[in-house]
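Coordinate analysis (summary)
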Amino acid sequence: MLSSSKIYLIIAGGAFGLATVVLNFFPRSTVSERERRNLATFPKFSTERLMSGEYADSISKWYSDSEPFRDFFLNTNDNMKRARGYHSDDEVNMISDVTFAPEIIDQGPTTEPAAAEPNEADSLAAASDQEKESADTIGQNYKPASNGILILGKEPNAKAMFGFTSTSAYVESYASAANAYKAAFPEAHVWVMPVPTAVEFYCPEQAKGRMVNQKAIIDKTFGYLEPGVTGVDIWQTLYDHRDEHIYLHTDHHWSPLGGFYAAQKLCEMAGLPAPGISEGYEVRTVHGFVGSLYAYCSDAAIKNSPEDFVWYFPKVDFETQYIVYTLDDERHITKASNWQKGNYFCIFKDGNGGAYCTFMGSDSRITKVVTSQKNGRRILIMKDSFGNTVPSCLFHSFEEVHVVDYRYFNKNMRQYAAEHKITDFLFCNNMNFVTNPQIGRIYKRFLDQGEYVHKEEKKESEAVADPMSTASPTPADSPASDNNAEADTEKNEQAQEAEKQTNQPADSL
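For clarity, every value in this text was computed on a predicted model and none was experimentally measured.

**Re the overall build of the protein**
When helices and strands are counted, the protein shows 17 helices and 18 strands. Out of the 509 residues in the protein, the part that is buried amounts to 57%. Here the contacts in the protein between residues at least 6 apart in sequence split such that 76% fall between residues at least 24 apart. Accessible surface, the protein as shown: approximately 21,100 Å² in total, 53% of it carbon and sulfur.

Right, dumping it as structure tokens:
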């Protein structure tokens, strides 16, 4: 009869042997839906990288990052901790601009589809019902989670959001950037659209004393704008629609519906056409969406409260072009492509947590959209990832729509704007960036910088602390920076390959 010690050794040896086989011989993971990112890929060899030690370090990173069944083991570990009463405060490496490749990339129809037109009232009513389902439990079921997240309600109707504790100390810097653009382009319209975050409208009573009033900061920002620079106050617009699904419940971004209402407000102030959803858009839905906030807090209530990601395809002819940046491991720009045609929308299947990347697919590029609207108005949007939902809601209103992310622009803005005859500039940032002292300086730097790659020049936006979490400073507007540029390149290559293989409308998929 085997002794207990021998039985233990056999079990431990078997577990070790099984783990060795799995880790070394099973297919490596390439995507983590839990962490909302592509995982490290096997590094490319070069003598220089080998001699510097970088090649060996990259192999080690690839091996640990791409372990087989990565999400399964992470979730199992969390479940075991929760069963013992522990909750993880670990930071999760998750970004919004390098997510996973969609199953199909598709521009879709550029004319009105033959299918029956979606009913706007039904769509908005369904979203409103989703809000009301959880409203009854929000007041008495609030709890703080890791990384400054508030969780309201219980599964399957729980919702999460980041707190907001920034101050107005640096909003003058942000406003001064808009003023500088008006001075540089006196004939252009300059618009400033600060985007409140979800906690401004849905903060539970118990936590309000610890939050900062975003409306007051918005008003103060507008007070620094000089004549000719126009503040687009979407606070009241969003407040009026707060019972609708204007913010995602499982992701730190607002929803496409929130972006739609913001675009409507801008067009109203600019005197431009802006059709409603039922008149101008085809409603599309990704069911079973669980976004970034589960990766932040690892709370099962968020994982078990999937929502509908509803977005709007404009029924207007348009063509999209991109300048695509290649990034190194530190997310410096090392190369920029020429203008190349592409698809504006990425089509994600139900259950895919990357659905917020429906718009443009990635932040690390310049986007130019030429529409069938011929009114001479050409807008350039400077934004963080909150701004991604807005541009497609302006295709009915502007002849051209250009999109630039504050992290990725290596051209001279004066030259770019002159070349493309820009008539309107829109600053569209969420409140965490409006209150950040670096963002205004970055936008002003665009005006006079020469074309360059960040390999030679330290990227100022690396100093921008991540305002959405308690993590150390990163250059991203979401929890932490992806240190794998190859994953971004691979995603773009996959997207381009999928684009070549399909020209069918999404409805037929």
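After that view of the structure, there is still more to cover.
**A short note on the pattern of salt bridges**
One pass over the structure, following the stated rule, counts 14 salt bridges. For Arg 407, the salt bridge identified is with Asp 405, shortest N-O distance 2.7 Å. Here the two residues Arg 407 and Asp 405 agree in accessibility, since each one is buried. Among the salt bridges present, the one from Asp 448 reaches Arg 414, with a minimum N-O distance of 2.9 Å. Taken together, the residues Asp 448 in helix α16 (residues 437-448) and Arg 414 in helix α14 (residues 413-419) connect sequence positions 34 residues apart.

**Some points on the confidence of the model for the protein**
Summarising the model, the protein shows a mean pLDDT of 78, and 72% of its residues fall at 70 or more. Throughout residues 455-459 the model reports pLDDT below 50, and contacts reaching past four residues in sequence, or to other chains, amount to 11 contacts. The low-confidence segment residues 465-509, where pLDDT is below 50, has 137 contacts with residues more than four positions distant or belonging to other chains.

**Some details on the packing of aromatic side chains**
On inspection of all chains with the given rule, the structure shows 33 aromatic pairs. Residues Phe 318 and Phe 395 carry aromatic rings whose centres are separated by 4.9 Å and whose planes lie at 50° to one another, so their mutual orientation is tilted. Taken as a pair, Phe 318 in strand β11 (residues 318-327) and Phe 395 in the loop between β16 (378-383) and β17 (400-405) lie far apart in primary sequence, 77 residues in all. Across the pair, Phe 395 and Phe 318 agree in class, each one buried.

**A closer look at α16**
One turn of the α-helix equals 3.6 residues, which is why residues spaced by three or four share an orientation. By the burial criterion, the buried members of α16 are Gln 438, Ile 439, Gly 440, Ile 442, Tyr 443, Arg 445, Phe 446 and Leu 447. For α16, the secondary structure elements touched by its buried residues are α6 (171-184), β16, β17, α14, β18 (424-430) and α15 (431-434). Where α16 begins, the capping side chain belongs to Asn 436, and its oxygen is found 2.9 Å from the backbone nitrogen of Gln 438.

**A word on a nonpolar patch on the surface**
A surface patch of nonpolar side chains, amounting to about 360 Å² of accessible area, comprises Phe 45, Leu 50 and Met 51. Within the secondary structure layout, Leu 50 lies in helix α2 (residues 47-52).

**Concerning the side chain of Asp 384**
Here Asp 384 shows up in the loop between β16 and β17. One buried charged side chain, Asp 384, makes no salt bridge at all; its nearest oppositely charged neighbour is Arg 407, positioned 6.8 Å away. Within the structure, the side chain of Asp 384 is placed 2.8 Å from the backbone nitrogen of Phe 386, a separation counted as a polar contact. Within the local environment of Asp 384, its side chain forms a polar contact with the backbone nitrogen of Asn 430, the two atoms lying 2.9 Å apart.

**Some thoughts on helix α10 (residues 256-270)**
Here α10 spans 21 Å end to end across 15 residues, near enough to the 21 Å set by a 1.5 Å rise per residue. With 11 of 15 residues buried, α10 lies mostly within the body of the structure. Within the sequence span of α10, burial applies to Pro 256, Leu 257, Gly 258, Gly 259, Phe 260, Tyr 261, Ala 262, Ala 263, Leu 266, Cys 267 and Ala 270. Looking at the residues trailing α10, positive phi occurs at Gly 271, about 70°.

**With respect to the nonpolar core**
Proteins that are soluble and globular tend to have nonpolar side chains buried together. Membership of the largest hydrophobic core comes to 109 residues, with the highest contact counts inside it found for Tyr 181, Trp 254, Leu 394, Met 413, Phe 425, Phe 427 and Tyr 443. The leading source of residues in this core is α10, at 8 residues. Setting aside its immediate chain neighbours within four residues, Phe 427 contacts Tyr 174, Ala 177, Ala 178, Tyr 181, Val 190, Trp 191, Val 192, Met 193, Met 382 and Tyr 443. In this structure, Ile 149, Ile 151, Ala 158 and Cys 297 belong to the second largest nonpolar core, which totals 12 residues.

**A short note on the pairing of β16**
Among the 6 residues that make up β16, 6 are buried, leaving the element largely enclosed by the rest of the structure. The sheet contact formed by β16 and β17 spans 6 bridges and is parallel. Bridge pairing in β17 links Met 382 to Val 404. With 5 bridges connecting them, β16 and β18 associate as parallel partners. Residue pairing for β18: Met 382 is matched across the bridge by Phe 427.

**Describing the environment of Arg 365**
Note on placement: Arg 365 falls in strand β15 (residues 365-371). When its relative accessible area of 10% is taken as the criterion, Arg 365 is described as buried. A sequence separation of 42 residues divides Arg 365 from Ile 323, and the C-alpha atoms of the two residues are 5.4 Å apart.

**Remarks on the sheet that holds strand β5 (residues 149-152)**
The 3 strands lie next to each other as β4-β5-β6, forming an open sheet whose pairing is antiparallel. Two strands close off the open sheet at either side, each with one partner strand: β4 (142-144) and β6 (159-162). Between one strand axis and the next, the sheet turns through 20° on average, direction left out of account. Relative to β6, β5 is paired through 4 bridges, and the arrangement is antiparallel. Note on β6: the bridge partner recorded for Ile 149 is Phe 162.

Reading guide: rules and limits
- Residues numbered from 1 in each chain as written.
- Predicted model: local features only at pLDDT ≥ 70, side-chain atom pairs only at ≥ 80, totals over all residues.
- Heavy atoms only, no water.
- Helix = DSSP H or I, 4+ residues; strand = E, 2+ residues; numbered from the N terminus.
- Buried < 20%, exposed > 50% of the residue type's maximum accessible area, 1.4 Å probe, protein only.
- Contact = heavy atoms within 4.5 Å.
- Areas by Shrake-Rupley, 256 points an atom, 1.4 Å probe, with all protein chains shown as cover.
- Salt bridge = Lys/Arg side-chain N within 4 Å of Asp/Glu carboxyl O.
- pLDDT = per-residue confidence, 0-100.
- Phe/Tyr/Trp six-rings, centres within 6.5 Å; stacked < 30°, edge-to-face > 60°.
- Polar contact = N/O pair within 3.5 Å; in protein donor to acceptor, adjacent residues only side chain to side chain.
- Patch = residues over 30% accessible without salt bridge, like charges linked within 9 Å, V, L, I, M, F, W, Y side chains within 5 Å.
- Lys, Arg positive; Asp, Glu negative; His and termini not counted.
- Expected span 1.5 Å × (residues − 1).
- Core = buried A, V, L, I, M, F, W, Y, C linked by side-chain atoms within 4.5 Å.
- Pairing = 2+ DSSP bridges.
- Axes fitted to C-alpha atoms, helices over the stretch in contact; angles between N-to-C directions.

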